[in-house]
Every structure is written in structure tokens, then in C-alpha cells.
Amino acid sequence: MAMTSPGGITDQFSVLALARWQAFRNSLRRKQKQYELVFTVMYWLGGLGIFLGGGALFFAATFFLLPKSTAMLGVVFWILFLVWQFVPVVLEGQSPAVDFREIARYPITFKLYYLMSLAYGFFDPAAATAVFWSLCTWLAITLRKPEWALRAALAFALFILLNLLMNRVVFAWVSRIMQTRKGRERLVMFGMLCAVMSQFMVYYQPRGGVSQTRARMLLTFFTNVHTFSPAGMAQAIISKGWVAATTAVVAGLAGVIILLGVVLFRQLWRTYCGEIGSEGSKRSGAVQVQPGWKLPGLSETTSAVVEKELRYMMKDPKLVMNVIMIWAVCFLMTTGSQFMKNAFKFNLQNSTYVLPFTMGYSFLVISPQVFNMFWSDATGFQRWLLSPIPTRQIIAAKNISVAVLVAINMVVITGIARLRGPIQMTQLALTLLCSAYVGLFMFGAGNFFSVWFPKRVDPTKMTRKNVSEASGISSMLLLAALGGSWFLVTVIATGLHMPWLPFAVAASLLVLGAVFYQFSLAKVPRIAEKGLDKLLAELG
Amino acid sequence: MTLAEVAKAFADWVVEVNDLRREFGQLVAVDGLNLQVRRAQFLGFLGPNGAGKSTTIKMLTGLLRPSGGSIRILGMDLESNSVEVKRRIGVVPEGLALFERLTGNQLLNFVGRMYGLDRDTAASRAAELLDFMELSSAAEQLVADYSHGMKKKIALAAAVIHRPEILFLDEPFEGVDAVAARTLKEMLSRFIAHGGTIFLTSHVLEVVERLCSHIAIIQNGKLVVSGSIEELRAGVRLSSDSNESALTLENIFLRVVGVPKSDSQELSWL
């Protein structure tokens, strides 16, 4: 019997690249994907701008600042480190998705498997960008200080290898966690928490500023962290010359690299041997089925759909974190922050801006639910089509459930704002009126986009693409237009001392919004019915 | 046959398909299909891969619009009475169509209420079904965490919770172990015993032979043969010199659709 021989690394990558290319080409058979391609090209052009522009910036900054201070090298290394380690997590959804558990099934040796995993790390846009920027920086160092060229090459080589290994170790660890649903959800929660915390740091400034002693302590702490960090060690290799200390640093960096290599070896070996994470099952006692919710004013079936939607929302870690973030931002704006006041001379500690701002934020957060309403139903989407509920009723029920979320946000935000002091009733009424018309326009437009550009999304994946590119850009434009009109009317009314004007405009827009929303409820079910094949192909 | 008998036969037809067609671009998936199913019949709808079984079942359940022809379910035209038809049928589609981020308990409750059951009835039937399907211990687990067999069981439970008159099942036994299959078969037998009608596609011919009273075989989108298993056996016996004992459904099926080329072809390298 003739035996197949495992191909070399070039063959394996050719096969992977070909499969990727064929999948992409086949996806373009669908009209919707062709439209999507236009938006994707825009997205990648933006990325290319960052790639090349960043390279030029790194070159110029190093070329002009290096003679003045070598400390800038530390900053460069830190930026490269952060870009390489954190951007891939954020852009996870856009990167080529290769499951290394799947690759382990093919007849390849472990050595090749290990090398493929490492090489795959370079396929990431962030990694490629960081390497390109490193090259630009190295070039600038070489031109400015030729005597440092060799040491800089060594520093960059070690730094790149360390980043590559660290990235692969982190991703191997993350993919191990991602094997179970609970793990995925916890990871998404953690990611969102980190994002929230980082944004709070911008808002929060201690009253009275930071004391000198505390500032000195912080500086010492960060200097120590930098010295022993990969960025600090790489900087030391370049700037300290060929002395014993540098040799020690090189040895230290090499030691970390070897350690990461061994950790990655262990992780990949377990995957290569076929380790599979399992959700397991928790056995419980006799079944106790509670009747579903009966929501006031809604029929039995609409109540059931709204209940299902709200349960889904409560199990969506990204949405939960985003909603908590709205409340937290509202809290910070109304209590401790001096940031906005100092920066924009806005007194945010009253309801004038807090309510509209946080409600606008609230609409931003719910836009994926509105512009891609079937996003998380997965194969359950077919259930809507099989059920005896008219499509119009399903769409309306989905809109109602998002409206319930907006209403809850409104109540909580008002409650938080009230903690600080009294709320002007006119402001509250105007915010309610404006929220109503913005909501109606959003729901109306969202209903159309949900069937024109549907996109199936796994809520447990840490991707920001919860809607199609087309829906994403359109929803942003619509929100900007609606938010802008809101702001403009308020400013004009204040300037002309016509307090009734915003109410009149908002009431008119509310009527228009209601007409548009009704139009969408009448039209969208027919569009869905005509494009049933397309919807099923994308969602079902 | 007297006029009264003919009228009764028409009245008994719960599925009537006339000249049904479905095209996907150049491909004709279903090509002028004619088929009738009587009340309380257990029909096995068979065919080789790509014959048009799933496309037909999708059209019969309203998941796909036909390119031509007509479908009458329970005496009603499907296109003009789709909501009423959907209310009276139950479906286990190819992809199971489950909302996997609900618990088993929540899913059954929800589906029951979608079909118009009140909250208490939906809850009590959900409890009974979970018990019958041996899913009580997993009632509070998310459906996403269920095994494949458990998902098939909960999908069947969701299809029957509103007590439909006809069940459309697309490959309900695919990838199901013997224990889960026994539960599913028991449920289907009870359904038929209580006057229900089942339209089932399956590749597991032994199960079809044991469960189904009637068979329809489709090939290249066209109905090739239909009737009771005995009628099919008799037909095959007449057309060839087969001995009676060897006429299993598998043999009948292979005789009808033809032995594939691969049986006589060799692979030089294997």
C-alpha cells in the first residue's frame, strides 16, 4: 500500500492559504457578501494607513528624538509590546480563524505543528504591524547611530521572538478556556471589565490632584517595572553598550524566551495529543417547570417572545457589561469626575447633559440588537419561520424587548442622576420625548437592516463585529444624525431663549418616527419573505 | 370505488402535493412531485443524498417557497393559510432550530406559548415531556450544553408540545445512540396510536422499516415509488425474480434507486 508522506511546512501553508482563498472566493457568490466586501475593503484601507503611517511615525520619531534621549526607545518598545499583545484580542474576529485542534488531526509531526503555531502568530495583523514598525525603528537607529545597529538588531530579534511566544502562549491558554461555554463567557466578561476599567481611568481624576510624595512613589514603581519588563530589557541592550550588564540582560531576556517556549511546548503538546475541554453536566433533582412571564398589555405569544429575548440579553456577557458601563459612566459623571468640566467647561453634575448623554450612549450600546435583530438566534432563527406567529409580531416583540432595556436604562440613569441633586422636570420630559423619537427611527431602520444585511454572531466570541459592515456603518451614521439633531435643537433653543422649541421639534419628529416605524413593520415582513433563502443561508 | 368513498379518501388526505417544483438557479431540486399522505399514516420519505428530501420537507413546513405547484396541508392551501397550518403541525427540521441559550425547561415553555398554549398548560406539558424524554435532570441546563442525542430529544419534545396533527421529521435518528433512539421511537409510536400523522425522512432504513406503514422514494426530485411496504415488496417481486426473504427495505430501496456506480468501480490506489 502506498503511503502518504507528511508535506513540508511550505506545502502545509500552501494548502491552508489555498483553503482560505477558496473560502473567501466562494463567499463572494452571494450578493450580500459582495456588498460587504466594499465595506471590508474600506476597513482594510484604514488598517493599511495605520500600518504604513505608524511605520513612518516610528521611523521619524526615532530618527529625530534618539540623539536627545534614549528613553524614547523604552516608549517605542512598550507601544510595540502593547500592540502585539492586546490588539489581537480586540481584533480576534477579523483575524484568519484557524483552530489548531483541527490541524492536529492531520498527519503532521509535533515539530511541524509547533513551528506552524509559531509561524501562524505572524499572520495576525497586529503582529505583522508590530514587526514592520520594529523594522522601521531599527532602520532609524542604524541610520542615526550605525555603531548600535548590531545590538539593536539583537534587541529587536529577541523582543520579536518574546512577543511571538508570549502571544502564542496567551492564545493557547485562551483557546483552552474557550473550549467550554462558561469559559468563553467568563473571558468575554473579563475582557469587557478591562475595557471598562481603562475607560474609567480617563474619567476619574482624584480631587485635589496627586501629592508629590505619591507621584514619586508611583514613578519609582513604574521605573522598576519598566527595568524588568521586556521593553526595558530590550531598551537596555541597545543603550548600555557591550558590557557585562547588557550580557546579563540578554541572558535574562533569553531565559524568559526559553521559559515561554517550554510553556508553549506543554500547551501545544496537550492539544496535539487530543485534549478536549468538556462542559460537563450538573445533575439536578426532579424537574420544576415554572410558567413563563406574562407581561402587562402584551398577548401570550408576544410575552413569550419578549421573555425569550430578555433572557438572551441577560445571557449576553458583552451586552451586560456595556449596560453596566453606561450606569457606571453616569455615576462617575454625576459624582466624582472633574475631567469633563475641566476639558469642556461643561457642568455635568446636573441633569442638563447627563441624561441626554447617557441615553445617547444607551442607544449606541443597543444598536447591534436593533440593526441585526436575529444575530444571536443561530439555528433558532428557523423556529421563527416554523412558528404560527406572523413575522410582523416577532419583529415588534423583538423591538419591545430592546425598548424594555432602554426604559430600564432610563430609570436607572435618572435614579443615579437624582442621587446628586434634583432633576429638572422639563429636562426629563424632553429626554423622554427625544429618546422616543430616536428609538422609533432606530427601530424602523434597524428592522430594514436586519433583513437586508443579516449577520450571524456568536455572542461568546470577543469580536466587535456584532453587525455586518454595512449595518455597522449605517447605524453609526443614523445615530450621528439623530444625536446631532437632538443637540442642534437644544443649542438653538438655548440661544434663542425659546424653551418650547425642543418640545415642538421632538414631538414632530416623534410623529414622523412613529410613521416610519409603522412603515417598517408593514414592509420588512414582506422583504423577509421574499429573501427567505438569503436569510436562512446567513442565519439558519 | 363509489363517489362517497372517493370523497372520504380526499377528506382523509392530510398532505396533498401537486406538481411541486423547486429550483435553485439552474439546479432543479424538486421536479414535479406529486404525493398524498393519509391521516394516521406513518410515511417514510426516502431517497439518496441530494434527491430533494430536505427541500421537500422545507417546502411542506413553510421554510422554503416552492417555485411551482401546490401544497395542501390538512385541507388548507399552505401559501394562503400558512399561519393556521403552522399552528397545527409540528416540525423537527434538519438543523433542529433550537434557541440554545435557553434551558431545556425554558425552551419547551417558550415553544408551547408560541403555539398559543396558556402559561400553565405550557409549563405542565413541558414538565411531562422533560420527564418522558428523560431530560428532567438536564431541565435547568442550557440547550447549548446538551449532547447531540439530548438536542434531538428536546427538538422532538418542542415539536409535539402543542399536540400537532402532523409531525414532519427530518432525519430525527441521525447521530442518535440506541438509548435516545428508543425514547424517540416510543414517542412516535404513541403519536401514531393517538391518530397523528408522521412524515419522516431518514437514512436509517431499519428504523423506517420497523416504524413506517408507508414509504415514498424520491430520486432526482421526482417521486419514483410510493405505497405500503407490502405494496412495494409486491411490486419488486413482480418486476424481478427476487426471493421473498431477501426483500428488506434496504434491498427495495437499492433496487428502486439503482446500485451506485461505486459498487462496480474500483479505486486503483485503495
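Since the model is a prediction, treat every value here as computed from it, not as a measurement. (Residues numbered from 1 in each chain as written. Chains lettered and ligands numbered in written order. Predicted model: local features only at pLDDT ≥ 70, side-chain atom pairs only at ≥ 80, totals over all residues. Heavy atoms only, no water.)

A. Representation of the nonpolar core. Of all hydrophobic cores here, the largest spans 161 residues; its most connected members are Leu156, Phe168 and Leu188 of chain B. When residues in this core are grouped by element, the largest group, 13 residues, is from helix α18 (residues 425-452) of chain A. With residues near it in sequence (within four places) discarded, Leu188 of chain B still touches Phe42, Leu156, Leu167, Leu169, Phe173, Ile198, Leu200 and Leu211 of chain B. Core analysis: the second largest hydrophobic core is formed by 49 residues, Phe58, Trp84, Ile108 and Phe110 of chain A among them. (Core = buried A, V, L, I, M, F, W, Y, C linked by side-chain atoms within 4.5 Å. Buried < 20%, exposed > 50% of the residue type's maximum accessible area, 1.4 Å probe, protein only. Helix = DSSP H or I, 4+ residues; strand = E, 2+ residues; numbered from the N terminus. Contact = heavy atoms within 4.5 Å.)

B. Summary view of the pattern of salt bridges. One pass over the structure, following the stated rule, counts 21 salt bridges over all chains. For the salt bridge of Lys308 of chain A with Glu309 of chain A, the shortest nitrogen-to-oxygen distance reads 2.9 Å. You can call Lys308 of chain A buried: its relative accessible area is 1%. Assessed through its relative accessible area of 8%, Glu309 of chain A is described here as buried. In this structure, the salt-bridge partner of Lys222 of chain B is Asp31 of chain B, at a minimum N-O distance of 3.3 Å. (Salt bridge = Lys/Arg side-chain N within 4 Å of Asp/Glu carboxyl O.)

C. Looking closely at the sheet that holds strand β6 (residues 89-92) of chain B. All names here are of chain B. Spatial strand order, β6-β7-β8-β3-β9-β10: 6 strands in an open sheet with mixed pairing. Either end of the sheet is taken by a strand with one partner, and the two such strands are β6 and β10 (222-228). Each strand axis lies, on average, 15° off the axis of its neighbour in the sheet, ignoring direction. Here strand β3 (residues 42-46) pairs with strand β8 (residues 197-201) via 4 bridges, running parallel. Paired with Leu43 across the bridge in β8 is Phe199. Contacts between helix α6 (residues 148-160) and the sheet are confined to β6 and β7 (166-170), with β6 contributing the most and set at about 165° to the helix. Packed onto the sheet, helix α7 (residues 178-193) meets β3, β7 and β8 and runs at close to 145° relative to β8. (Pairing = 2+ DSSP bridges. Axes fitted to C-alpha atoms, helices over the stretch in contact; angles between N-to-C directions.)

D. Region of the structure containing the interface of chain B and chain A. Contacts between the two partners involve 46 residues from chain B and, on the opposite side, 45 residues from chain A. The interface formed by chain B and chain A contains 13 residue pairs in polar contact (both at pLDDT 80 or more). For the side of chain B that touches chain A, the secondary structure elements donating two or more residues are β1 (13-24), α3 (82-88), α4 (104-114) and α5 (119-132) of chain B. No other element matches α4 of chain B, which puts 7 residues into the side of chain B that touches chain A. Among the residues making up the side of chain B that touches chain A, the classes are represented as 24 nonpolar, 10 polar and 12 charged. (Polar contact = N/O pair within 3.5 Å; in protein donor to acceptor, adjacent residues only side chain to side chain. Nonpolar A, V, L, I, M, F, W, Y, C, P; charged D, E, K, R; others polar.)

E. Up close: a nonpolar patch on the surface. Residues and elements named next belong to chain A. Taken together, the side chains of Val38, Met42, Ile473 and Leu477 make up a nonpolar region of the molecular surface, amounting to roughly 370 Å² of accessible area. If you list the elements that add at least two residues to the nonpolar patch, you get α2 (31-65) and α19 (469-496). Summarising the element assignment, Ile473 is placed in helix α19. (Patch = residues over 30% accessible without salt bridge, like charges linked within 9 Å, V, L, I, M, F, W, Y side chains within 5 Å. Areas by Shrake-Rupley, 256 points an atom, 1.4 Å probe, with all protein chains shown as cover.)

F. Representation of the confidence of the model for chain A. Across chain A, pLDDT averages 80, with 82% of residues at or above 70. Mean pLDDT in chain A bottoms out at helix α14 (residues 339-344) of chain A, which sits at 54, and peaks at helix α20 (residues 501-530) of chain A, which reaches 93. (pLDDT = per-residue confidence, 0-100.)

G. How the structure looks around empty space enclosed by the protein. Residue and element names in this part refer to chain A. Using the criterion set out here, one finds 4 cavities of 30 Å³ or more in the structure. Estimated volume of the largest cavity: approximately 130 Å³. Elements with a contribution of two residues or more to the lining of the largest cavity: α12 (300-314) and α17 (391-420). Class assignment for the residues of the lining of the largest cavity results in 6 nonpolar, 4 polar and 4 charged. (1 Å grid on protein atoms, 1.4 Å probe; cavity = no way out; pocket = protein on both sides within 12 Å on 5 of 7 lines; lining within 4 Å. Points joined across faces, edges and corners; volume = space filled by probe spheres on them.)

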